[in-house]
Amino acid sequence: HVCHCGTLSPAVVAQHGCRGCVGLRLVAGATMENGNAGEKSKPSRASAGSAALERSFTSNSLYAASARNTSAYLTSADLLLMEGVNMRRYHAARFMEARSVEYGIIFLVFAFMLIVFAQMVATDEDGKTTLDDTATTVLTVADLSILVVFFFEISIKIYAYGYLVYLVSPLYFLDACFVVLSITLSVIDLMASNDFLDRFSNMRAVLRLVRIIIMFRKVSTASDNSHKLTGLGYNLDTPAQEVVELLRPLSEYERLPRVQREDIKWAITVIDSGGLYQPVPEEKAGNEAASAWLASGIAEQAQSAPAVDAGRHRKSGTPFDLSASQDVDEPWASAGFRLKPFCELVSADMDVPRAKHELKKLQDWHFDVVRLDRVTDHNALRVLTALVGKWWNFFELLEIQEECFHDFMERIQSGYFASNRYHNSVHAADVFQSCLWMMTTGGLAELAKFNDEQFFASLFAAAVHDFEHPGINNMFCVKTGHPLAVRYNDTAVLEMHHVAAAYAVVHSSARFNFMKGMSDVRYAAIREAAVAIVLATDMSKHFEELSKLKSRVASGGFLNLDGQSQDDTFRQDQMLALKLSVHACDIANPAKPLQLYVYWTERVLMEYFAQGDKERELGLPISMLMDRNTTNIAKCQVGFIDILVYPLFDELRNVLEPFRQCCGHIVKNKKFWQEKIDDMEEEMIQGTQRVPNLGRHQQAAQADVESNADEDVELESC
């Protein structure tokens, strides 16, 4: 017979496909087909259990405990399908693994143990029974009857699984031997004289003890699944435990090749350790920059993020159409926002006409926030948040106190230290605008059906995500015993502080509390989302969150709301999208036009090298990529792109088409740095290494910024 995949198979296997297809079906959870012309069978315990396995991985809830009805596990009977056994043997195995049969065996085991104990108590020191003949006969007949049932149990299992599989276990082999020997002695006990039995008294006593030990083992084996139940009939184990239970029979299946069994055991170990979403890096000599970026993105601890109620959502990611606006000079005027009065209120030194010109490109990926900051007298963050808040009608929809919000953002902007070359208010404004593009032009808000609270929470988190950043990283804080590291127990130190300090400003004065008019439910929803989003900007969470995204996208169910039963998974997808959106914008410099990318590269390296200098002064080991004397800037950026940036944006591109232009920029920017690796290596050795002057690239990069060229690039080259 030929399987649908083209593999030659025995006739008995052809009913369900070849071994490979059946095995894949058991693991992937597909429905088995009957031998009857395309008729589908009811899901077996294998299909139900393997479907649970797939749900656990793709929903990213592998380590979250939940109360649920008990699900079936992959059984030995299901594994027989992989061997193409006779269906009678398969049904015999399923019968023996039925819960009612298992409970019946447990009952008989306890009954048998009571009989054995009665026989032992009624035996004197000489091995003779103290019971009368009638009582002795009753106990012996009962003993023999139960042993016969055990004999049939063993016989059926040997028939179903095959003697080479069942009897390969030393315990089962001894069990079969002792059952046969016990039956023989019980028959002799009924038929022989007392004088003859006295010769075997010691042997019978030892045999009874061994039989009790084996019976206890039978009880343990038969109740492997039943111990998972609570008194209410619910299973409170985590999905990780359930997945391990699904895999364990495969790891012990003797007919699988040893290498495959070892691989399955390794998978079980990974799941048990809680490191399922951590990468397993392969060291490559001479690629220290990539290794450093890889190390920065590996999580030390897994933290769960609260889910946000889906609630009502916008019908469109953008409430106002720029192209349809009648006011060419101020397209946001239809929302009641006038730029000039606001700018004059913030600073008399703003260049309002130029600011107006820059803001017309607000929803473009190539938006130059650095230029906006210059023409607004270094108030880009305040101008952007005020304009977006009014333009997207957040003040009215979310009951936000507008004047308090402006005062709050003034305090937030001043809390970004101007002495930081990178983590300053311009970077916050850049992430804020990039997040706005991702939600609107990028289409994420519409795809994820974000409600007003979620939309606002993402932008709010982007604005405050680096508030009061000290210009050093978490590891430096921990190594030096910084007060923030002590306060937050060395865990996501700066991210914890950013969001906590921002909310401390909100509640520090009625002047800043723009949320005081909100309902408790709305306030809680925004706070839960904002806190989770800011904490997700910790680079140590990068690979964990990216792995979850890849898992969900691969399942085909990411952000698909098919029915009420999927609500929880959809809310988890929404939260994952919220967290990754701001995190992606936070590391999006390589995805921007080259001019902007090089500008931010120079500034972030200034901070890195300044920290390296501090570590050198304190006699501490200098962090990777922060030693100005040993860091090849070009190689550092190529590693940053290869390890962190491109994999994330490439996965986002699989979800949203507008991200193709981001990936196009990444490819071109990587090529720019690759061409400079050797030259920068020589400059580094000579001590003259600098971020390159764009020179002849200046005009091309500027043209790229102005035109937002999104020509198709061979993305796979990255």
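Computed from a prediction, not measured in an experiment: that's the story for all the values here.

## Here's the deal with the overall build of the chain
Consideration 1: Along the chain, the regular secondary structure elements total 34 helices and 2 strands.
Consideration 2: Here the chain holds 718 residues, and 52% of them are scored as buried.
Consideration 3: Within the chain, contacts between residues separated by at least 24 positions form 73% of all contacts whose residues are at least 6 apart in sequence.
Consideration 4: Taken as a whole, the chain presents about 33,500 Å² of accessible surface, with 55% of it coming from carbon and sulfur.

## Side note on empty space enclosed by the protein
Consideration 1: Applying the stated rule across the entire model yields 7 cavities of 30 Å³ or more.
Consideration 2: Within this model, the second largest cavity holds a volume of roughly 70 Å³.
Consideration 3: In terms of lining residues, the second largest cavity is bounded by Thr385, Val388, Gly389, Phe394, Phe405, Met409, Phe432, Phe456, Leu459, Phe460 and Ala463.
Consideration 4: Of all the secondary structure elements, the ones that give two or more residues to the lining of the second largest cavity are α18 (380–391), α20 (402–414) and α23 (452–464).
Consideration 5: Ranked by residues supplied to the lining of the second largest cavity, first place goes to α23 with 4 residues.
Consideration 6: When the residues that make up the lining of the second largest cavity are grouped by side-chain class, the tally is 9 nonpolar, 2 polar and no charged.

## Examining the pattern of salt bridges
Consideration 1: Tallied over the full model, the rule gives 23 salt bridges.
Consideration 2: Taking the shortest distance from any N to any O, the salt bridge between Lys479 and Glu615 comes out at 3.1 Å. One end of the pair, Lys479, is in helix α24 (residues 474–480); the other, Glu615, is in helix α30 (residues 594–617), with 136 residues separating them in the sequence.
Consideration 3: With a relative accessible area of 32%, Lys479 lands in the partly exposed category.
Consideration 4: Measuring nitrogen to oxygen at the nearest pair gives 2.8 Å for the salt bridge that ties Arg616 to Asp627. In this pair, Arg616 sits in helix α30 while Asp627 sits in the loop between α30 and α31 (633–655), placing the two residues 11 residues apart along the sequence.
Consideration 5: Arg616 gets classed as partly exposed once you look at its relative accessible area, which sits at 36%.
Consideration 6: Three or more residues are tied together by salt bridges with common partners; here these are Glu358, Lys361, Asp368 and Arg371.

## Examining the nonpolar core
Consideration 1: Residues Phe408, Phe514, Phe649 and Trp673 are the most contacted members of the largest nonpolar core, which totals 123 residues.
Consideration 2: No other element matches the 11 residues that α31 contributes to this core.
Consideration 3: Leaving out residues up to four positions away in the same chain, Phe649 has contacts with Trp365, Ala584, Ala588, Ala591, Phe659, Cys662, Cys663 and Ile666.
Consideration 4: Listed in part, the 19 residues of the second largest apolar core include Met96, Ala111, Leu139 and Ile154.

## Focus on the packing of helix α21 (residues 425–439) against helix α29 (residues 567–586)
Consideration 1: Packing of α21 against α29 brings their axes to within 8 Å, and their N-to-C directions diverge by 130°. As summarised for this structure, α21 and α29 are arranged oblique, according to the angle between their axes. At the point where α21 passes α29, the crossing takes the right-handed sense. Together, His427, Val431, Ser434, Cys435, Met438 and Met439 of α21 and Leu578, Ser581, Val582, Ala584, Cys585 and Asp586 of α29 make up the contact between the two elements.
Consideration 2: Partitioned by chemical class, the residues of the contact of α21 with α29 number 8 nonpolar, 3 polar and 1 charged.

## Topic: the side chain of Glu545
Consideration 1: Position of Glu545 among the secondary structure elements: in helix α28 (residues 542–555).
Consideration 2: Its relative accessible area of 4% is what places Glu545 among the buried residues.
Consideration 3: Non-local contacts of Glu545, meaning those with residues more than four positions away in its chain, are made with Leu576, Lys579 and Leu580.

## Observations concerning the packing of α28 against α31
Consideration 1: Taken N-terminus to C-terminus, the directions of α28 and α31 make an angle of 25°; their axes are 11 Å apart at the nearest point. When the axis of α28 is compared with that of α31, the two are roughly parallel. You can see that α28 and α31 cross each other, and the crossing is left-handed. Note on element contacts: α31 touches α28 through Ile643, Leu644, Pro647, Leu648, Glu651, Leu652, Asn654 and Val655, opposite His542, Phe543, Leu546, Leu549, Lys550 and Val553.

## Quick word on the side chain of Gln413
Consideration 1: As for its position among the elements, Gln413 is in helix α20.
Consideration 2: Judged by relative accessible area, Gln413 falls into the buried class, the value being 9%.

## Focus: the confidence of the model for the chain
Consideration 1: Averaged over every residue, the pLDDT of the chain is 76; the share at 70 or more is 65%.
Consideration 2: Note on residues 4–48: pLDDT under 50 across the span, and 79 contacts to partners over four residues away in sequence or across chains.
Consideration 3: Residue range residues 225–236 is modelled with pLDDT below 50. Its contacts to residues more than four positions away, or to other chains, number 28 contacts.

## Some points on the packing of aromatic side chains
To describe a pair of aromatic rings, you give the distance between the ring centres and the angle between the ring planes.
Consideration 1: Evaluated as defined, the whole model comprises 23 aromatic pairs.
Consideration 2: With a centroid separation of 6.3 Å and 70° between ring planes, the pair formed by Tyr416 and Phe467 is classed as edge-to-face. Here Tyr416 is found in the loop between α20 and α21, whereas its partner Phe467 is found in the loop between α23 and α24, with 51 residues between them in sequence. Assigned by exposure class, Tyr416 and Phe467 land together as buried.
Consideration 3: For the ring pair Phe649 and Phe659, a centre distance of 6.1 Å and an interplane angle of 50° mean the geometry is tilted. One end of the pair, Phe649, is in helix α31; the other, Phe659, is in helix α32 (residues 659–674), and 10 residues separate them in sequence.

The rules behind the values
Residues numbered from 1 in each chain as written. Predicted model: local features only at pLDDT ≥ 70, side-chain atom pairs only at ≥ 80, totals over all residues. Heavy atoms only, no water. Helix = DSSP H or I, 4+ residues; strand = E, 2+ residues; numbered from the N terminus. Buried < 20%, exposed > 50% of the residue type's maximum accessible area, 1.4 Å probe, protein only. Contact = heavy atoms within 4.5 Å. Areas by Shrake-Rupley, 256 points an atom, 1.4 Å probe, with all protein chains shown as cover. 1 Å grid on protein atoms, 1.4 Å probe; cavity = no way out; pocket = protein on both sides within 12 Å on 5 of 7 lines; lining within 4 Å. Points joined across faces, edges and corners; volume = space filled by probe spheres on them. Nonpolar A, V, L, I, M, F, W, Y, C, P; charged D, E, K, R; others polar. Salt bridge = Lys/Arg side-chain N within 4 Å of Asp/Glu carboxyl O. Core = buried A, V, L, I, M, F, W, Y, C linked by side-chain atoms within 4.5 Å. Axes fitted to C-alpha atoms, helices over the stretch in contact; angles between N-to-C directions. Parallel < 35°, antiparallel > 145°, perpendicular 65-115°, else oblique. Left-handed = near helix turned anticlockwise from the far one by under 90°. pLDDT = per-residue confidence, 0-100. Phe/Tyr/Trp six-rings, centres within 6.5 Å; stacked < 30°, edge-to-face > 60°.

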